[in-house]
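Now for the letters of each chain:
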Amino acid sequence: MYRGDLTRVLNIETKSKLISSWKAHLLASTGSNMDSKNDRGKFRKGLGLTTNFFSEKFLLTSNVFHNNINRKSNNIKNVLSISDPSSTYNETTYADLATERSWDTENGTYGTFRAFYTFGYNRDNTNTRSEQHYFPGNNYQQRLYEEQNSNSDRKQNHYSEFSFSNSNDKWGEFRWNQLITYNNNKDWQSLYIYNEENNLQTSKSLMHYDNLNKNFHVKEDVSYVNSITDRIGYTLESSVDINKGKNHSLRIDTLESSTTQTYLTIPSKLRNTEWNGNAQLIYILNPENDTQISFDYSVKYENGWKHQFAWNMLSPTNPQTDEANTYSYKINNLTQKQEVSFHFFPFQKTSCDISAGLKETTLKRKEKEMDNYRKTFISPTVAISFVHTDITKSWSAAYRLHNFAPNIVQLRPQIDNSNPYMLRSGNPNLKQSYLHSFLFNCNRMLGKHNHTIGVIINASIRQHSPVAKTTYYNAETYLPGLQYTAPAHSSLISFENVEGYWDIKGKLIWQAPIRSIKSKYALSTGFNYEHNPYYIGENKTTTRTYDPSLEHFLLCNLTKRLKITISANTHYVHSINTENYTSKTFYQTAGATFDISQICKYFYLSSHYNFIFSRDYGINKEINRNHTLNLNIGCKVLNRKGDISIAAYDLLNSHRTFNSQMYSNYIQNTWTNYYGRFFTINFAYRFGKVKSNYEGTTNDGSIREYRPMSDKM
């Protein structure tokens, strides 16, 4: 038989018309910890079911999943993934239901209605230990602050969302969206604090926190889009956001001195309502190249209050009011913004967007216990960007001026003594801050071999940046502005505006295909610099951080069934402050992923190895090595509709979670307990049915693809 040239044909309409289809998959996992020291989740489990039904204009889906293997979704690929689980212990349960209905009439009207509901229940456990090694100061030559934190929380939430949209060629487009959430959360925390000066213990504390929080949130959004003429269009948007909350905290402070021991019960309530409105008018100057000008006006009004009361219950028959944690205030904030934007093409294949406007924010706070606050912040808004697009090269450049008004927490001079040795307070004299950001991005294809090179440069400059101001008290000190007595060997962290912050980040990326081994290679090198000023007491100091890096990435598809990924990252962080105290840390990571999709027709294998090495050349001289190996072996069963697999995480039992970072006047080392060493036996099954003029379904329940029968001709 004569065979002519093959021709690819697209958009073929067959006689087999889809009427409806439903698909589902079932997941089940069981396993155990491989670390005898881990008392959380000794029995690992997971069970989930997902079902989907859809037709041409209707969709219905449901999803149920429970697991304690640190997976947030019962997607089969996610559950069988060999990526590292989270270092925390997490137990998740959720159930959701979603539906969608669409319509399309002959008069040009079409729309969609969507409804979604989910219930979630999460439990998390985290254990960390941190040490803060302070640089020598006026009051000490050596100082150590240590925390051991054990945290457990339970989160129960309900989430629902409804949306409606209807569009008409004549009457425009109308959209409505409603979001309702209800959260019922509870957490427990145990915190041990240890202070040391000049190698002598100065204080210690053991604290317990119980916190119960209930929150109700409703948000409504409405928008309308239409055109007056072929060149003039407009958009109207409005939303209301209501947030209500109740909180009840119990705090027990066990300090060295019984006179400072407290047993606090702290109930509180809050309510916040926010209205947003936006109007936009667009005029197309030149329809041929889409040159246009737009005028925007937006307004936001926020009204809310919070009441909190605290009693010391050391003597239950005679409770005493705790003034530091008792307060009540109301807020009224108004923000208005006017902006003009212009979009045009100054050169061929190059577009430009320019916008400028004015933003006005008025903050009001009424409070009996302290002076009322009222202040108006006025600032310009500016943005300009260029984008050039071509077949072999593209580039973009942008500048934007951001402005940030201080929030209520930063402005209120209210002491926060939830940690009596790390006190916090706001500053009512804060100014608004400005951020100038610059971005340049360029990509170019080299030669005929699809090699590409890219450059990314990002820089920012901040004015009046709000930074932490830390004041240390080596003796018990009364603070008249806060009407509070700070205990000996405690620190007060407040806010202060500072000038001189700027940073720059750059990266060079080269990508090249290696066709001989069906691979893709990428090499990138980068350098980051940060100039970060802050206050220690009344003294301003600056930390300069240098951060060079080098990355390699290789993706190999050696065969149709074999995929290998190799990556490496070299990283060095050098920080030095005004007093010439330094922190030097070297990082080296390497990873490899090995996937075989088919072995002896039915089996498959995935493995992931990750190596992390870090060495600190600073105070503690810490050396950390991690070797993590995760493995998943499985086989296809039940006519390839099912999977049975065994997954194991951290087979080498060498994962350690350690981090070291330099802050204002100290270096912090943090160790976190790891709960990710376990194994699971997993079963997954896919099933479904397609109803159409053609009888038959594929193995996984999806729509059968149309394929030519040339081999049988």
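About the cut-offs
Per-chain numbering applies: the sequence of each chain, read as written, is numbered from 1 onward. Only residues with pLDDT of 70 or above have their local features reported here, since the model is predicted, and side-chain atom pairs are shown and tallied only from 80 upward, although totals for entire chains, interfaces and linings are computed over all residues. Side-chain metrics rest on all non-hydrogen atoms present in the structure, leaving aside hydrogens and water. Each helix is a run of DSSP H or I of at least 4 residues and each strand a run of E of at least 2, with the numbering of both proceeding from the N terminus. Classification of residues uses two cut-offs on accessible area relative to the type maximum, computed with a 1.4 Å probe and protein chains only: under 20% is buried, over 50% is exposed, and between them is partly exposed. Contact criterion: two residues are considered in contact whenever any of their non-hydrogen atoms come within 4.5 Å of each other. Contacts described as polar in this section are N or O atom pairs within 3.5 Å, which, within protein, must combine one atom able to donate a hydrogen with one able to accept it, while residues neighboring in sequence count only if both atoms come from side chains. Strands pair, by our definition, only if DSSP identifies at least two bridges between them.

**Student:** Is there a simple way to explain the overall build of the protein chain in this structure?
**Tutor:** In terms of regular secondary structure, the protein chain is built from 2 helices and 35 strands. Principal-axis analysis of the C-alpha atoms gives the protein chain an extent of 100 × 70 × 60 Å. By residue count, 38% of the 713 residues in the protein chain fall in the buried class. Long-range pairs, those at least 24 residues apart, make up 62% of the contacts in the protein chain between residues at least 6 apart in sequence.

**Student:** Would you mind going over the side chain of Q432 with me for this structure?
**Tutor:** Inspection of the secondary structure assignment puts Q432 in the loop between β18 (422-424) and β19 (433-446). Reaching out from Q432, the side chain makes a polar contact with the backbone oxygen of I378 at a distance of 3.2 Å. One polar contact links Q432 to Y434, side chain to side chain, over a distance of 3.0 Å.

**Student:** Teacher, can you tell me more about the pairing of strand β15 (residues 350-367) here?
**Tutor:** Consecutive side chains of a regular strand alternate in pointing toward one face of the sheet and then the other. Across 17 bridges, the pairing between strand β14 (residues 327-347) and β15 is antiparallel. Bridge pairing in β15 links V340 to A356. In this structure, the hairpin formed by β14 and β15 is closed by a connection of 2 residues, where K349 is found at a positive phi of approximately 65°. With 16 bridges joining them, β15 and strand β16 (residues 373-389) adopt antiparallel strand pairing. Of the residues in β16, the one forming a bridge with G357 is T381. Counted between consecutive antiparallel strands, the loop separating β15 from β16 contains 5 residues.

**Student:** Is there a simple way to think about the environment of K337 in this case?
**Tutor:** Turning to its location among the elements, K337 is positioned in strand β14. K337 sits in the partly exposed class, given a relative accessible area of 29%. Placed 235 residues apart in sequence, K337 and Y572 show a C-alpha to C-alpha distance of 43 Å. In contact with K337, not counting residues within four places along its chain, are D296, Y297, S298, L358, K359 and T381.

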